[in-house]
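# What the coordinates show
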Amino acid sequence: MGITAFSPPSRWSAVLPTQIRGTALFAAIFAAGVILIIVAGALGAALILGWLWSGPPGQLQPPTSPISQVTMSLSPWAPLETTLLVIAIALPITAIIAGGAAVGMWDLSAGATRIRRALPSSLGWMTGIPPVVIGVVLYFVTELDRSPHVGALSAAALVILNLPNATAKFAHVGWLVPQEARDVSAALGVRSPLAFLQLVRLYASWACAAVLFTLAAQMAGETAAIVLAAASAVGNYPLAASVWFAALDPRHELGQAFACAVLIILVGVGRTLAHVCLRRQEAQAWH
Amino acid sequence: MALSPERSPAVETKLEIAQLNVWYESTQALRNVSLSVGASRAVALIGPAQSGKTTLLRACNRLLDENPAARISGSLKIDGSQMLGPAVDVAVLRRRAGMVFPRPTLLPLSVFENVAFGLRAAGLYAPDEIAARVERALQRALVWDVAKNVLHAPAYRLSADQQQRVCLARVLALDPDIILLDDPTSTFDPVAQREFEEVIGLLRCDCTLLLATHNLQQAARLSDTTCFLVGGEIIESGETQLVFSRPTDPRTEDFLAGRPPRA
């Protein structure tokens, strides 16, 4: 008994089970990512509207002595600690979800489906979200909540908004594995997620590390400015006003400059490590 | 009908292909291929380039699933069980029908780890058992004498024919019923070819072999049955001696004589 009668199959007549599984896995993860991004966008829009309804910060009268209302830590290390904390939360979550989606894409690359064809353009569109959008969303997340939860909220926003980018990067890592190795792995009956992990470990471990360092640097860059501003937030005023007050405060200047320098170095170190890893990857591929 | 690819002993016909058709996009690569292979028999697939030999091998262990452009219809049974159905565990099928590729494709691991790769993926983690099966596989591939001294050295340090034998050992470690050999000696010199053929000759005792080759002498030496393919169709098949000595189709005769096909 064959799977179809003898006749040229239609477009969908012989879609094989492994492809269907891969498609389903990826579609679920991809749909979840799309929904999360829509939710984040809606949240950002709601925050903007709420801010407009309550009036822009310019309408608030600056206090006569804003320095007396400084409530948060003035330590120059505080922004660094907060940034690292946010990255520590956001990076593993992003890596795990994006890695899972990349495995789905790896599986999917063996399937002739419409999703596979639609994938590059949709992922490209999603990765096209510029960092400024991420910064704006983070800004409003910080505006929404000045409590200690702000770190977790920032981390959540970072995870959501970096997912497409991270997924694309991990998928690229998967494509570094030579086709011959994929064939050998498949012919030995290695199941797809395991094959992805094994072959990426063998052929693209440095590229994987480069992706992680790039993500960390990117997240630090996206978070740092906001966290830096939040560290010098003033009283109950909106963040923009707080930054303005803080900028006028001579006591903050040195601390802020130091914190800026440390965060810039942090981003630079992440990028440099990523670059070093990519060089190692190139050497490994050449070898 | 059971769709599980589990082993069922005492079946005479190991592999049965009926009305198999394969398309790559709109190009038909196999046309109505039907073939029956008995247990512990060796079948040689010969034919010009692009005749469908590799496609037929890849259909047997469903490696075509990995090709997004490929579509397949027809019937492919191993030990009487349908292998093209949706309920078949493809990973288990591929362990039963192992494949050796034209070029030695080793993973960037040691000799030992290369052979153990498939075993670990199959869920075998006991170190003693893995070591025993690796040794046995390397012995069956007649490469143990060389490999035992460099077992934990990178496998790419071996010569090309030794690498190919390690690739064969990697397949043998999984104890397959069927071995699909896709022109495995195409990059070898004649001496290395003969040595590799010795290994294949020994495997004929306990495995069913499908050998796609451009080397007609090799096909004649190693196979019990020969199939001649042109344009994705089996033009002629039969006992190797008969096909080579008294081909019935003029196209087979031309191919064996090295003449261009008649118009």
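Residue numbers here run from 1 along each chain, matching the order of that chain's written sequence. Starting at A for chains and at 1 for ligands, labels are handed out in the order in which the entities are written. Two thresholds apply to this predicted model, a pLDDT of at least 70 for residue-level local features and 80 or more for giving and counting side-chain atom pairs, whereas whole-chain, interface and lining totals are computed over all residues. Side-chain descriptors were evaluated using all non-hydrogen atoms of the structure, hydrogens and water having been removed beforehand.

The subject of this paragraph is the environment of B:Arg140. All names here are of chain B. The residue Arg140 is located in helix H4 (residues 127-140) in this model. Residue Arg140 is classed as buried on the basis of its relative accessible area, which comes to 17%. In the structure, Arg140 is positioned 63 residues away from Leu203 in sequence and 7.9 Å away in space, judged by C-alpha atoms. A helix here means a DSSP run of H or I that spans at least four residues, while a strand means a run of E at least two residues long, and both kinds are numbered starting from the N terminus. In this scheme, a residue with accessible area under 20% of its type's maximum is buried, one over 50% is exposed, and one in between is partly exposed, where area comes from a 1.4 Å probe on protein chains only.

All right, on to the state of the cysteines then. Any two cysteine sulfur atoms lying within 2.5 Å of each other are counted as a disulfide. Inspection of the entire model under this criterion finds zero disulfides over all chains. Here A:Cys277 is not disulfide-linked; the sulfur of A:Cys208 is the nearest cysteine sulfur, at 10 Å. On the basis of relative accessible area, A:Cys277 is assigned to the buried category, the value being 5%. B:Cys227 takes part in no disulfide bond, and the closest cysteine sulfur to it belongs to B:Cys60, at a distance of 11 Å.

The next subject is the packing of aromatic side chains. Residue and element names in this part refer to chain B. Each Phe, Tyr or Trp ring (for Trp, its six-membered ring) is paired with any other whose centre lies within 6.5 Å, and the angle between the two planes then decides the class: stacked below 30 degrees, edge-to-face above 60, tilted in between. Under the definition given, this model contains two aromatic pairs over all chains. Pairing Phe188 with Phe196 gives two aromatic rings, centres 5.9 Å apart and planes at 75°, and the pair type is edge-to-face. Exposure class is identical for Phe188 and Phe196. Each is buried. On the basis of an interplanar angle of 35° and a centroid distance of 4.9 Å, the ring pair of Phe228 and Phe255 is categorised as tilted.

One finds B:Leu15, B:Ile17, B:Leu20, B:Leu138 and B:Leu168 to be the most contacted residues of the largest nonpolar core, which totals 114 residues. Here this core gets nine residues from one element, more than from any other, and that element is helix H2 (residues 77-108) of chain A. Take the buried residues of types Ala, Val, Leu, Ile, Met, Phe, Trp, Tyr and Cys, join any two whose side-chain atoms come within 4.5 Å, and each joined set is a nonpolar core. Judged by nonpolar contacts, the second largest core, of six residues, contains B:Ala44, B:Ile46, B:Leu216 and B:Ile235.

Residues and elements named next belong to chain B. Its 14 residues place the ends of helix H7 (residues 190-203) 20 Å apart at the C-alpha level, agreeing with the 20 Å of an ideal helix rising 1.5 Å per residue. Taken as a whole, H7 has its buried residues at Ala192, Gln193, Phe196, Glu197, Val199, Ile200 and Leu203. The arc that holds the buried residues of H7, viewed along the axis, is 155°, so those residues lie on one side. Along H7, exposed side chains directed more than 90 degrees from the buried face belong to Pro190, Val191 and Glu198. Of the surrounding elements, those touching the buried residues of H7 are H4, helix H6 (160-172), strand E7 (178-182), strand E8 (208-212) and helix H8 (216-222). Expected span, for any helix, means 1.5 Å times one less than how many residues it has. The directions from the helix axis to the C-beta atoms form the arc being described. Two residues form a contact once any of their heavy atoms are found within 4.5 Å.

A word on the environment of B:Leu76. All names here are of chain B. If you trace the backbone, Leu76 turns up in strand E4 (residues 70-78). In sequence terms Leu76 and Val90 are 14 residues apart; their C-alpha atoms lie 13 Å from each other. Apart from residues lying up to four places away in sequence, Leu76 is in contact with Leu15, Glu16, Ile17, Ala59, Cys60, Ser81, Gln82, Met83 and Leu84.

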